[in-house]
Amino acid sequence: QSGARINISEGNCPERIVTITGPTDAIFKAFAMIAYKFEEDITNSMSNSTATSKPPVTLRLVVPASQCGSLIGKGGSKIKEIRESTGAQVQVAGDMLPNSTERAVTISGTPDAIIQCVKQICVVMLESPPKGATIPYRPKPASTPVIFAGGQAYTIQGQYAIPHPDQLTKLHQLAMQQTPFTPLGQTTPAFPGTYPHALSRSPSLLTCRLIGCIIGRQGTKINEIRQMSGAQIKIANATEGSSERQITITGTPANISLAQYLINAR
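Worth saying up front: this structure is predicted, and the values here are computed from it rather than measured. (Residues numbered from 1 in each chain as written. Predicted model: local features only at pLDDT ≥ 70, side-chain atom pairs only at ≥ 80, totals over all residues. Heavy atoms only, no water.)

1. Section: the pattern of salt bridges
This model, assessed by the stated rule, comprises 7 salt bridges. The salt bridge partner of Glu-39 is Lys-54, with a shortest N-O separation of 3.5 Å. Residue Glu-39 is located in helix α1 (residues 24-46), and its partner Lys-54 is located in the loop between α1 and β3 (57-64); the two are separated by 15 residues in the primary sequence. In this structure Glu-39 comes out as partly exposed when scored by relative accessible area, which is 24%. Between Lys-80 and Glu-84 there is a salt bridge whose closest N-O contact spans 3.8 Å. One end of the pair, Lys-80, and the other, Glu-84, are both in helix α3 (residues 77-86), 4 residues apart, so they sit about a helical turn from each other. According to the relative accessible area criterion, Glu-84 is exposed, its value standing at 61%. (Salt bridge = Lys/Arg side-chain N within 4 Å of Asp/Glu carboxyl O. Helix = DSSP H or I, 4+ residues; strand = E, 2+ residues; numbered from the N terminus. Buried < 20%, exposed > 50% of the residue type's maximum accessible area, 1.4 Å probe, protein only.)

Structure (structure tokens):
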């Protein structure tokens, strides 16, 4: 009905990308139909809900990072103008999407506000084409979490841990042998003989560049690793003139082993 070419990415991912191609008029028609469809879904879901206020329609656009500067404008002037003239909320993500040179632009509001907002974004994108090569964002397929305990791999299904096929267990054992952390297994008991499972400490060195990916945004990844492994993980500040930072992992040998594996996997 819109005359636009519409492609939807593979369906085995938590996220899917809808790509709309064509003349600007066709794109606006397609966006309008999508926005009204989303509003219809919100209305339908509210019929069984006790909520009184209707949530806005929200779309997340994937935009080449090289075009985001033009979209934001000098001192945020362009994005402010778009917000004020359309009534839509517009947020440009600070970080690029994983393994890509694209950023997410989130738009929310009424369908009419969203359509007007998309029109203005398209105008900016036409006026300021992307610079250099764009590495497109590709959503990752949904994966079942895997936990390693006692040298055996388990997948989580509902509330149960199901033993995983031998290949993953062997892969885990191999990873434990090949991990670059030093010293591996040469742990110094902090309280020897005091507890049935004496706490051990394993110091390791990592470059500052790698530390960032292990910590994650606002510490999300390192907290996740702490929670999954049950180990205490401390990251020392970088010393002047050094490109390395020390990570100290404290816990039972099993805790340390799992923490090292998860850090290595990151």
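On we go.
2. With respect to the packing of helix α2 (residues 65-72) against α3
Look at α2 against α3: their axes get within 5 Å of each other, and the N-to-C directions meet at 65°. As far as their axial angle goes, α3 and α2 are roughly perpendicular. For the pair α2 and α3, contact is made by Ser-70, Leu-71 and Ile-72 and by Ser-77, Lys-78, Ile-79 and Ile-82, respectively. Taken together, the residues of the contact of α2 with α3 break down into 4 nonpolar, 2 polar and 1 charged. (Axes fitted to C-alpha atoms, helices over the stretch in contact; angles between N-to-C directions. Parallel < 35°, antiparallel > 145°, perpendicular 65-115°, else oblique. Contact = heavy atoms within 4.5 Å. Nonpolar A, V, L, I, M, F, W, Y, C, P; charged D, E, K, R; others polar.)

3. Observations regarding α1
Here α1 is 23 residues long and its end C-alpha atoms lie 33 Å apart, about the 33 Å a rise of 1.5 Å per residue gives. Along α1, the positions that sit buried rather than exposed are Ala-26, Ile-27, Phe-28, Ala-30, Phe-31, Ala-32, Ala-35, Ile-42 and Met-46. For α1, the secondary structure elements touched by its buried residues are β1 (5-8), β2 (18-21), β3 and α4 (111-127). (Expected span 1.5 Å × (residues − 1).)

4. Examining the nonpolar core
In this structure, Val-105 and Ile-107 are the most contacted members of the largest nonpolar core, which totals 30 residues. At the level of secondary structure, the elements contributing two or more residues to this core comprise α1, β3, α2, α3, β4 (89-92), β5 (102-109) and α4. Sorting elements by how many residues they give to this core places α1 first, with 8 residues. (Core = buried A, V, L, I, M, F, W, Y, C linked by side-chain atoms within 4.5 Å.)

5. A short note on the side chain of Glu-102
Tracing the chain through its elements places Glu-102 in strand β5. Buried and without a salt bridge, Glu-102 has Arg-138 as its closest oppositely charged side chain, separated by 6.1 Å. For Glu-102, the contacting residues outside a window of four places in its chain are Val-62, Val-63, Pro-64, Ala-65, Met-96, Leu-97, Thr-134, Ile-135, Pro-136 and Tyr-137. (Lys, Arg positive; Asp, Glu negative; His and termini not counted.)

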